[in-house]
Amino acid sequence: MAAILLIEDGPGIGGQLPRLLAGAGHRVLRCGGGPTPLAACPLLRQGRCPLADAAELLVFACPLNLPLRGRSYRGRHLLHAYRTHPDYGRLPLVLVAIKPPQELAGTGPTEVIATFTNPAAVLAAVHRLLQPKPAAVDHHGITQRAAG
């Protein structure tokens, strides 16, 4: 299946997702926003993240407007860093948020799950985003595989 980067902050739906995603055959890479509670994540500090480099899809399950535990930034700052990144912004994203931001940067496909209480909906969104793109026939009758 896929390597999925789960970006989470603490208990709640994030606590159920690793087991659910792994049970569906995915490799789960976990990010709590930084290598230690007092240090910013490599993405915010250096512009790259080894976890995101290995991921095929992002699941973002952090509160957006509250400070992340023990950190000086909020979930929306981390989400913005992923979605505006030239590489990570292309990755498919499942955003678990009570109230998603009005504008989500990035060119990758996005699904929003508007609650923290339904892990099965997150798994369904992951599977939809990982579906291969259907073949398209151009105006010359040539079958082409869509990028993705």
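Let us look at the structure shown here.

Cut-offs and rules
Residues numbered from 1 in each chain as written. Predicted model: local features only at pLDDT ≥ 70, side-chain atom pairs only at ≥ 80, totals over all residues. Heavy atoms only, no water. Helix = DSSP H or I, 4+ residues; strand = E, 2+ residues; numbered from the N terminus. Contact = heavy atoms within 4.5 Å. Areas by Shrake-Rupley, 256 points an atom, 1.4 Å probe, with all protein chains shown as cover. Pairing = 2+ DSSP bridges. Axes fitted to C-alpha atoms, helices over the stretch in contact; angles between N-to-C directions. Phe/Tyr/Trp six-rings, centres within 6.5 Å; stacked < 30°, edge-to-face > 60°. Buried < 20%, exposed > 50% of the residue type's maximum accessible area, 1.4 Å probe, protein only. Salt bridge = Lys/Arg side-chain N within 4 Å of Asp/Glu carboxyl O. Polar contact = N/O pair within 3.5 Å; in protein donor to acceptor, adjacent residues only side chain to side chain. Core = buried A, V, L, I, M, F, W, Y, C linked by side-chain atoms within 4.5 Å.

## Observations regarding the overall build of the protein chain
Next, step 1: Scanning the protein chain for helices and strands turns up five helices and seven strands.
Next, step 2: Written out in order from the N terminus, the α and β elements of the protein chain read β-α-β-α-α-β-α-β-β-α-β-β.
Next, step 3: Considering only residue pairs separated by 6 or more positions, the protein chain has 57% of its internal contacts joining residues 24 or more positions apart.
Next, step 4: Within the structure as shown, the protein chain displays about 8100 Å² of accessible surface, and the carbon and sulfur contribution to it stands at 57%.

## Observations concerning the sheet that holds strand β1 (residues 3-8)
Next, step 1: Pairing is parallel across the open sheet formed by five strands, whose spatial order is β2-β1-β3-β4-β5. Two strands bound the open sheet, and with one partner strand each, they are β2 (27-31) and β5 (110-113). Each strand axis lies, on average, 20° off the axis of its neighbour in the sheet, ignoring direction.
Next, step 2: Bridging between β1 and strand β3 (residues 57-61) involves five bridges; their strand directions are parallel. Counted as the bridge partner of Ile 4 is Leu 57 from β3.
Next, step 3: Contacts from helix α4 (residues 75-84) reach β1, β2, β3, β4 (93-96) and β5, with the element oriented near 165° to β3.

## Here's the deal with the packing of aromatic side chains
Next, step 1: Here the structure, examined in full by the defined rule, presents one aromatic pair.
Next, step 2: Ring geometry for Tyr 82 versus Tyr 88: centroids 6.2 Å apart, planes at 50°, classification tilted. Each member of the pair, Tyr 82 as well as Tyr 88, carries the same accessibility label: buried.

## Section: the side chain of Glu 111
Next, step 1: If you trace the backbone, Glu 111 turns up in strand β5.
Next, step 2: With a relative accessible area of 19%, Glu 111 lands in the buried category.
Next, step 3: Apart from the residues within four sequence positions on either side, Glu 111 is in contact with Leu 93, Val 94, Leu 95, Ala 125, Arg 128 and Leu 129.

## Points about the pattern of salt bridges
Next, step 1: The full count for this structure, using the stated rule, is one salt bridge.
Next, step 2: We note a salt bridge from Glu 111 to Arg 128, for which the minimum N-O separation is 2.6 Å. Taken as a pair, Glu 111 in strand β5 and Arg 128 in helix α5 (residues 119-130) lie far apart in primary sequence, 17 residues in all.

## Description of the environment of Phe 60
Next, step 1: Note on placement: Phe 60 falls in strand β3.
Next, step 2: The class of Phe 60 is buried, set by a relative accessible area of 1%.
Next, step 3: Not counting residues within four places of it along the chain, the set of residues in contact with Phe 60 comprises Ile 7, Gly 75, Leu 78, Leu 79, Tyr 82, Leu 93, Val 94, Leu 95 and Val 96.

## A few points about the side chain of His 26
Next, step 1: Inspection of the secondary structure assignment puts His 26 in the loop between α1 (13-23) and β2.
Next, step 2: Here His 26 falls in the buried class, since its relative accessible area comes to 5%.
Next, step 3: Only 3.3 Å separates the side chain of His 26 from the backbone nitrogen of Ala 2, close enough to count as a polar contact.
Next, step 4: Residue contacts for His 26: discarding those within four places in its chain leaves Met 1, Ala 2, Ile 4, Leu 21, Val 126, His 127 and Leu 130.

## Considering the nonpolar core
Next, step 1: Ranked by internal contacts, the top residues of the largest apolar core, which has 21 residues, are Leu 5, Ile 7, Leu 58, Phe 60, Tyr 82 and Leu 95.
Next, step 2: Elements with a contribution of two residues or more to this core: β1, β2, β3, α4 and β4.
Next, step 3: Setting aside chain neighbours within four positions, we find Ile 7 in contact with Cys 31, Leu 58, Val 59, Phe 60, Ala 61, Cys 62, Leu 78 and Tyr 82.
Next, step 4: Grouped together as the second largest cluster of nonpolar side chains are 16 residues, Leu 21, Val 96, Val 126 and Leu 129 included.

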